[in-house]
Amino acid sequence: MKKIAYMLLTMAVMTACTRKASVSTSSTQKDNLYQFSVDLTKVENDKLEVSLVAPKISADLITYFLPKIVPGTYANYDFGRYVSNFKAYNAKGDTLPVDRVDVNSWSIKNAQSLYKITYKVDDTWDSPEIKGEKIFEPAGSDIDTNKKFAVNTFCFFGYFGGMTKVPYQVSFTKPEGFYGATSMNFANTTATKDVFVADNYFDLSDAPILYTRPDTTVLKIGGADILVSVFSPNKQANSKEIAANINSMLNAQKEYLGGELPIKKYAFLIVLSDNPNLMSYGALEHSYSSFYYLPEGTSKELAQTVKDVASHEFFHIITPLSIHSEEIGDFDFNTPKMSKHLWMYEGATEYAAGHMQIKYGLIEMPQYLDMLRQKMTTMKMMNDKLPFTEMSKGVLDTYKNQYMNVYNKGALIALSLDIKLRQLSGGKYGTQNLMQDLAKTYGKTQSFKDDELFDKITSLTYPEIREFFAKYVEGPNPLPLSETLQLVGIEYLPEATIKKISLGGISLGFNAQTKRIKIANVSKINEFGTKMGYQLNDEIVSLNGQLFDIQKAQHILDDYNNNTKEGDVVTMEVARKNSDGKEEIVKLSSPAMVVDVTEKNVLKLVDSPTEAQLKLRKDWLSTEKK
Ligand SMILES: [Zn+2]
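Rules behind the numbers
- Residues numbered from 1 in each chain as written.
- Predicted model: local features only at pLDDT ≥ 70, side-chain atom pairs only at ≥ 80, totals over all residues.
- Heavy atoms only, no water.
- Phe/Tyr/Trp six-rings, centres within 6.5 Å; stacked < 30°, edge-to-face > 60°.
- Helix = DSSP H or I, 4+ residues; strand = E, 2+ residues; numbered from the N terminus.
- Polar contact = N/O pair within 3.5 Å; in protein donor to acceptor, adjacent residues only side chain to side chain.
- Core = buried A, V, L, I, M, F, W, Y, C linked by side-chain atoms within 4.5 Å.
- Buried < 20%, exposed > 50% of the residue type's maximum accessible area, 1.4 Å probe, protein only.
- Contact = heavy atoms within 4.5 Å.
- Pairing = 2+ DSSP bridges.
- Donors = N, O, S within 2.8 Å, 3.2 Å for Na, K, Ca; no water.
- Tetrahedral: all angles 85-135°; square planar, octahedral: opposite > 155°, others 65-115°.
- Arc of directions from axis to C-beta.

Scanning the entire structure with this criterion turns up 43 aromatic pairs. On the basis of an interplanar angle of 50° and a centroid distance of 4.8 Å, the ring pair of Phe36 and Phe157 is categorised as tilted. Remark: Phe157 occurs in the loop between α1 (153-156) and β13 (159-160) and Phe36 occurs in strand β3 (residues 34-39); sequence separation between them is 121 residues.

Turning our eyes to something else, we now look at the environment of Glu241. One can find Glu241 in helix α3 (residues 239-256). Residues Glu241 and Ala303, spaced 62 residues apart in sequence, show a C-alpha to C-alpha distance of 9.3 Å. Within the structure, the side chain of Glu241 is placed 2.6 Å from the side chain of Ser299, a separation counted as a polar contact.

Here we take up the nonpolar core. Among the nonpolar cores identified, the biggest contains 171 residues, and Phe160, Phe268 and Trp343 are the most heavily contacted of them. In this structure Phe268 touches Ile226, Leu227, Val228, Ser229, Ile246, Met249, Leu250, Ser290, Tyr292, Ala310 and Phe314, once residues within four positions along its chain are discounted.

To continue, consider the sheet that holds strand β16 (residues 186-189). Taken together, the eight strands give an open sheet; going across it, the order is β7-β6-β10-β4-β3-β14-β17-β16, and neighbouring strands pair in mixed fashion. The sheet is open, and its two edges are formed by β7 (95-96) and β16, each paired on a single side. Pairing of β16 with strand β17 (residues 193-198) involves three bridges; the strand directions are antiparallel. What sits directly across from Phe186, in β17, is Phe196.

For the zinc ion, every protein donor is listed as Met1 (N), Met1 (O), His312 (NE2), His316 (NE2), Glu346 (OE) and Glu346 (OE), and the spread of their distances is 2.0 to 2.7 Å. With six donor atoms in place around the zinc ion and angles of 52 to 163° between them, the coordination shape is irregular. Given a relative accessible area of 2%, Met1 falls into the buried group. In this structure His312 comes out as buried when scored by relative accessible area, which is 0%.

Take unusual backbone geometry next. For the bond running from Thr319 to Pro320, omega is 5°, close enough to zero to count as cis. Inspection of the secondary structure puts Pro320 in the loop between α4 (299-315) and α5 (326-329). Residue Asp78 is not a glycine yet carries a positive backbone phi of 55°. Mapped onto the elements, Asp78 comes out in the loop between β5 (62-65) and β6 (83-90).

This paragraph deals with helix α12 (residues 463-472). Turning to α12, its buried residues are Ile465, Phe468, Phe469 and Tyr472. Angularly, the buried residues of α12 cover 100° about the axis, an arc narrow enough to put them on a single face. Within α12, the exposed residues directed more than 90 degrees away from the buried face are Pro463 and Glu467. In this structure, the buried residues of α12 make contact with α6 (342-359), α9 (409-424) and α11 (453-460).

This is the structure in structure tokens:
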């Protein structure tokens, strides 16, 4: 998973393959098969009805579950919250007695005669009336009649206690012209109905489906078929352009993974949102697909976000999907146990997503250093003394508010481990090699014991690595970032004054009423800010002619910081209250200036690096085969 919260204050078009065979409409009960059906053309009060012809049950009493938690989310979501009108029937159509045991489970009496279950499911994206933790959109569901259906299968379909290994058949009746983008194979498909099959509950829950009018592009990379499906509400972006970006990213990832993609088929399911209240975005990984919820923008505006988020999700193919502990390998959807290795599942994944980009030239050094710097800054805002293994074990409750550190400290642990390994191996071996070795040692179907991983890594590498884990991952010590980065000729300064183009030394905030970004603090305004004439509480309408709304602001600021040159005329429109309290639009303008800016966690290349530093930097970042 990758979740990003807004932190402003500081090629061929796919056509659905239709087969001639008719869709099986039989609802004969089978001994060993769940037969689910959903009719997407019948939405009532934002809900869909799910119907299950149950496998034969031998016990008198059986419990039906929807998940409490699903892999990759590290949060208790209680998907049963969205279920209502639960009914169980025998073959004659008589109802059977049902008790709702808790929010996620229902016990059914006289279960030997159970034939069918029906219930309604509300969507998680827009059901504010349902209390409890908000489900991160990539793990949730959306029922948006005639536009899109985001079907994370675990939001709709459950399992009977002790029967997660039984096969599933799922049928969808769909609106005319809709296509179900997914990594699953169609067992059958016609213009109005799709049937999918899965070997067990884990495989079904691992494969989301995005139903929309199709905007899909298929890439062929190294023998693998890569489906890119995009829903852009205002048609700002399209699958062809986003797929072109994913293409260059996946080609680099293929090289990074040793020259081959470890899959034959993969689907990127991307929903772009024009919700003006969107406060976080990101994606959730699966074995053969990933589901995205991102702010709508043009393909160009989204290019870096797609690269960062999609490469992260794709690298999850390595961990946790191919390297994981028993807690994940034997995932329990209703009584979850957490592993202590989030530093690897999320941290090493996030690190690889950035390392791959600098290594294969998708970004340049200044941008990479900025990426690392942002992680350091965020890490320092969190509890840096909390051992990462302990945080990981307690992420569902005690340390819930520390979860976001997996993308920050987690990635910096992997960075430090990578450079340490390079140093110990004379440049030959890094985390890239280590992850490939671990994937060979374990793999998709073989789990490690949570307590043995550090020793296993040590046995594959160097004794010093055990000390590294003891001190910095199991222990409370802050990472030795300064000395580690020195090894590759990067200087780390906790605070430094540098010369750069700035927006004026102002801090930004958000006015929830007007939905505009405002100037929240001018106490550190610099010479350029003074020339622009900013005033406290000015609300920014546009910057350099681009509408400055919450969804676009980050893209616009990145573009401003990376591309503005000294002397370029900067223009801004702000909404400002005049002395009568009336709002007026004021135009501000000044030539851009390079000013002294004091920043925290500054990273810069060492001025006169030693040969040893240059060599290790090259070993760390060069693509030459050794
Ligand atoms: Zn992730």
